[in-house]
Amino acid sequence: MNCKNCNKKTNCCCKKCTLEKLKIYSRRENITQRYEEKERLQAEILAFIDPTESLKEQITIKEDRLIKLHIAVENAKMRIAMKQSEVNKLDTTPHSKPSQFDAVFTSQSNFISRADIKKKEKSERLTKLEEEVAKKRLKYCIHACRIFPVQVYDVNVESVTVKSKNSKNWAVVNDSELQKGLRIAIRNSYINDKLRAKLANQLSNGTISLPLDLHPPFAAFTNTLQLVHLLSVIFNFRPPETLSHHDLCIRERWTKESLNRDWSTLCDAVIYLCIFIGMSHTKLKYTDPHHNLIALASFVVNDYNNINRIGSRPMCDLSEVHALIEAQRPEDCQKKDELDESWTFVD
């Protein structure tokens, strides 16, 4: 091929041909750059358009839901208006009480009135029965105290000679050391702290070989147990631990510890019996059951209302009573109770 400008063959290097070639190359480069810029701009436009489309879809969904909610609200308003109109119609109509309900209401009111009358009659009858029970308990308590009378007297003479009027009475004691001070007489026997301590030391040899001067304190102890048992039966009271006269009679082996334990059991039974019938614990002494029995008799005899409705009274708080017992209980009894696993306090 020949060049048009210089009539040469191809690959001409003349100035005019070279300029034309450069124009062609620059035009092609511009086209390539514009194409790339177009692609880049299209990608950016798509990046902006895609979130907008998703937002449009969400907006469309929410608009549909709002339309449905508006329709549901309108329907609900229509139903409310219909129900309100029905209620207004019912309010305007006169209320008619069914005739069959009158008999039911009348029978119910009659039943309630009869039940109130019966309840009142039952309460009055129960009050009379409780008063009769209290009077009978007072009567039986007086009989028990007459069978086993308890007295406290002070012996101030140095030597007293007691002559028995009846041969069946207990032996005569003429001991100045034992005669001095307070004595508790129960029936034809007597006891005090010194006699009880001497009795505890002599019981290890058995009851048959007891000296004659220790027969009265042992009899006083057994009589006190019988009196407490009778009072427990009269007032329907169950002590924390029971000890009867029969148990003492069939016991083969006696020790000082056994008598101390029995005495502690007696003290517990007396003080809990006094609390059970309503006496105040401030007037009681744990180690002096006979004084507590005398106070119990005075409390019962002064007014039978003190022992009225014992079984229906609310349960009292025994924490103060337990504190009183623990404070006044002798040390040997406390140690014995710690060894005795069967002992429990009544709560």
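See the structure shown above.
About the criteria used
Residues numbered from 1 in each chain as written. Predicted model: local features only at pLDDT ≥ 70, side-chain atom pairs only at ≥ 80, totals over all residues. Heavy atoms only, no water. Axes fitted to C-alpha atoms, helices over the stretch in contact; angles between N-to-C directions. Helix = DSSP H or I, 4+ residues; strand = E, 2+ residues; numbered from the N terminus. Parallel < 35°, antiparallel > 145°, perpendicular 65-115°, else oblique. Left-handed = near helix turned anticlockwise from the far one by under 90°. Contact = heavy atoms within 4.5 Å. Nonpolar A, V, L, I, M, F, W, Y, C, P; charged D, E, K, R; others polar. Patch = residues over 30% accessible without salt bridge, like charges linked within 9 Å, V, L, I, M, F, W, Y side chains within 5 Å. Areas by Shrake-Rupley, 256 points an atom, 1.4 Å probe, with all protein chains shown as cover. Salt bridge = Lys/Arg side-chain N within 4 Å of Asp/Glu carboxyl O. Buried < 20%, exposed > 50% of the residue type's maximum accessible area, 1.4 Å probe, protein only. Core = buried A, V, L, I, M, F, W, Y, C linked by side-chain atoms within 4.5 Å. Phe/Tyr/Trp six-rings, centres within 6.5 Å; stacked < 30°, edge-to-face > 60°.

1. Here we look at the packing of helix H7 (residues 256-276) against helix H9 (residues 319-328)
1) Next: Between H7 and H9, the shortest axis-to-axis distance is 12 Å and the interhelical angle comes to 155 degrees. Taken together, the axes of H7 and H9 lie roughly antiparallel to each other. Between H7 and H9 the crossing geometry is right-handed. When H7 is examined against H9, the residues Asp268, Ile271, Tyr272 and Ile275 are found in contact with a partner set consisting of Val321, His322, Leu324 and Ile325.
2) Next: Its residues assigned to classes, the contact of H7 with H9 shows six nonpolar, one polar and one charged.

2. Some thoughts on a nonpolar patch on the surface
1) Next: There is a patch of nonpolar side chains on the surface, built from Leu41, Ile45, Leu46, Phe48 and Ile49 and spanning about 490 Å² of accessible area.
2) Next: Relative to the helices and strands, Phe48 is located in helix H1 (residues 15-92).

3. A short note on unusual backbone geometry
1) Next: For Arg187, which is not glycine, the phi torsion reads 60 degrees and is therefore positive.
2) Next: In this fold, Arg187 is placed in the loop between strand E2 (181-186) and strand E3 (189-191).
3) Next: Of note, the phi angle at Asn236 is positive, near 55 degrees, even though the residue is not glycine.
4) Next: Along the polypeptide, Asn236 turns up in the loop between helix H5 (215-234) and helix H6 (245-250).
5) Next: Since its relative accessible area comes to 61%, Asn236 is described here as exposed.

4. Remarks on the nonpolar core
The nonpolar side chains of a soluble globular protein tend to be buried with one another.
1) Next: With 51 residues, the main nonpolar core has Leu227, Leu231, Phe235, Ile277, Leu296, Val300 and Ile307 as its most contacted residues.
2) Next: Secondary structure elements with two or more residues in this core: helix H2 (99-147), E2, helix H4 (193-202), H5, H7, helix H8 (289-302) and H9.
3) Next: No other element matches the 11 residues that H7 contributes to this core.
4) Next: Those residues in contact with Leu296, other than ones at most four positions away along the chain, are Leu231, Leu273, Cys274, Ile277 and Met279.

5. A look at the packing of aromatic side chains
1) Next: Inspection of every chain in the model, using the stated rule, returns three aromatic pairs.
2) Next: Ring geometry for Phe218 and Trp254: centres 5.6 Å apart, planes at 80 degrees, overall edge-to-face. Taken as a pair, Phe218 in helix H5 and Trp254 in the loop between H6 and H7 lie far apart in primary sequence, 36 residues in all. For the residue pair Phe218 and Trp254, the accessibility class agrees, reading buried in each case.

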